[in-house]
Amino acid sequence: GPLEEMSLPLFFGWFLLSSVQDKVRCTSMDFLKTLDTLEAFKKHLNDFTGKAEKEVDLEQYFQAKGTLHCTTKFCDYGKAPGAKEYAQNTTVKEFYGSAFELSLSALFVTPRTVGARVSLTEEQLLLWPADPEEEAGSTSLPRGSRAHITLGCAEHVEPVQTGLDLLEIETLQQERQQGEPIEEMELGSLTYYGEGRWLLTLREPICTPACFSSFYG
Ligand code: 2AM
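Residues numbered from 1 in each chain as written. Predicted model: local features only at pLDDT ≥ 70, side-chain atom pairs only at ≥ 80, totals over all residues. Heavy atoms only, no water.

The next thing to look at is the pairing of strand 1 (residues 11–16). The buried fraction of strand 1 is high, at six of six residues. By the bridge criterion, five bridges tie strand 1 to strand 3 (residues 69–74) in an arrangement that is antiparallel. Across the sheet, glycine 13 pairs through a bridge with threonine 71, a residue of strand 3. Note that strand 1 and strand 9 (residues 198–215) share six bridges and pair antiparallel. Following the sheet pairing, glycine 13 is matched in strand 9 by serine 213. (Buried < 20%, exposed > 50% of the residue type's maximum accessible area, 1.4 Å probe, protein only. Helix = DSSP H or I, 4+ residues; strand = E, 2+ residues; numbered from the N terminus. Pairing = 2+ DSSP bridges.)

Given below as structure tokens:
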């Protein structure tokens, strides 16, 4: 019945403390602001605008909604495959409500999304779902490669896209298509992977406290 369906959340994940959310948002805004001014970015502007000369204000281009979090399992109130199994997993139950420290190791931008890559520890990987379809289309990437925080989406783009964009970039990285090194920025090194895909590997990963919990909405 409907009550049973409500007993599973929309998703499980790590939720960033509100005080660090602002810091992460600021870092992301700074990055977008800087990226916007780079000649290399302007050269590839048509990835974003579809036209060569048009300008784009990246800070306006992406909309941020909701609290910052790293989704572990999208349950869709129980409709997603494996949702029930995940919710009943003993590790999930054990760590529910516990504090963790997430390491944000890179920021990435595509014409669709902007996000932060999360590098999971062995312990954190215990909370990563086991379902094979999770990393669909990128079978050779290590587990947890999709772990990320959505920082913003372009108009008409759903947040689920952020993880897919990250997997795409990581697949290119793994295929040793090293991308085009652009420059050393204050935050780290910037690489271009074509088709509007930019990756900033952070010199110093951002460590942020986060609570493992769930969201009902
Ligand atoms: P996100 O993890 O990339 O931000 C609610 O929609 C949350 O669940 C969002 O955070 C969203 O994306 C994530 N989400 C939505 N659909 C998903 C799916 N099919 N697989 C994985 N995560 C999904």
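Still more ground to cover, so stick around.
This part is about unusual backbone geometry. For aspartate 76, which is not glycine, the phi dihedral falls at a positive 50°. Mapped onto the elements of the fold, aspartate 76 is located in the loop between strand 3 and helix 6 (83–88).

So, on to the pattern of salt bridges. Under the definition given, this model contains six salt bridges. Note that arginine 112 and aspartate 165 form a salt bridge whose closest N and O atoms lie 3.0 Å from each other. Of this pair, arginine 112 sits in the loop between strand 4 (99–109) and strand 5 (113–119) while aspartate 165 is found in helix 9 (residues 160–174), placing the two residues 53 residues apart along the sequence. The class for arginine 112 is partly exposed, based on a relative accessible area of 26%. A salt bridge links arginine 117 to glutamate 170, with the nearest nitrogen and oxygen atoms 3.9 Å apart. With arginine 117 in strand 5 and glutamate 170 in helix 9, this residue pair connects regions lying 53 residues apart in the sequence. One network of salt bridges, with partners in common, ties together Glu168, Glu195 and Arg197. (Salt bridge = Lys/Arg side-chain N within 4 Å of Asp/Glu carboxyl O.)

This part covers the packing of aromatic side chains. Under the definition given, this model contains 14 aromatic pairs. Residues phenylalanine 41 and tryptophan 198 carry aromatic rings whose centres are separated by 5.6 Å and whose planes lie at 50° to one another, so their mutual orientation is tilted. Here phenylalanine 41 is found in helix 3 (residues 39–43), whereas its partner tryptophan 198 is found in strand 9, with 157 residues between them in sequence. Across the pair, tryptophan 198 and phenylalanine 41 agree in class, each one buried. Judged by centre distance (4.4 Å) and plane angle (40°), the ring pair of tyrosine 192 and tryptophan 198 falls under tilted. The pair tyrosine 192 / tryptophan 198 is uniform in exposure class, with both members buried. (Phe/Tyr/Trp six-rings, centres within 6.5 Å; stacked < 30°, edge-to-face > 60°.)

Turning our attention to helix 9. Each full turn of the α-helix corresponds to 3.6 residues, which orients residues three or four apart in the same direction. Its 15 residues give helix 9 an end-to-end C-alpha distance of 22 Å, which sits within 8% of 21 Å, the value for a rise of 1.5 Å per residue. Taken residue by residue, helix 9 has Thr162, Gly163, Asp165, Leu166, Leu167, Ile169, Glu170 and Leu172 as its buried positions. (Expected span 1.5 Å × (residues − 1).)

This next bit is on the confidence of the model for the chain. In the predicted model, the chain carries a mean pLDDT of 91, and 91% of its residues have values of at least 70. The complex prediction reports pTM at 0.94, with the ipTM value standing at 0.98. (pLDDT = per-residue confidence, 0-100.)

For the rest of this paragraph, the subject is the nonpolar core. Nonpolar side chains tend toward joint burial in soluble globular proteins. Counting 49 residues, the largest nonpolar core has Trp14, Leu35, Phe41, Val109, Ile149, Trp198 and Phe212 as the members making the most contacts within it. Top contributing element to this core by residue count: strand 9, with six residues. In this structure, phenylalanine 41 is in contact with Leu35, Asp36, Phe48, Val56, Leu58 and Trp198, ignoring residues within four places of it in sequence. The next biggest cluster of nonpolar side chains, apart from the first, holds seven residues, and it includes Phe108, Ile169, Leu172 and Leu199. (Core = buried A, V, L, I, M, F, W, Y, C linked by side-chain atoms within 4.5 Å. Contact = heavy atoms within 4.5 Å.)

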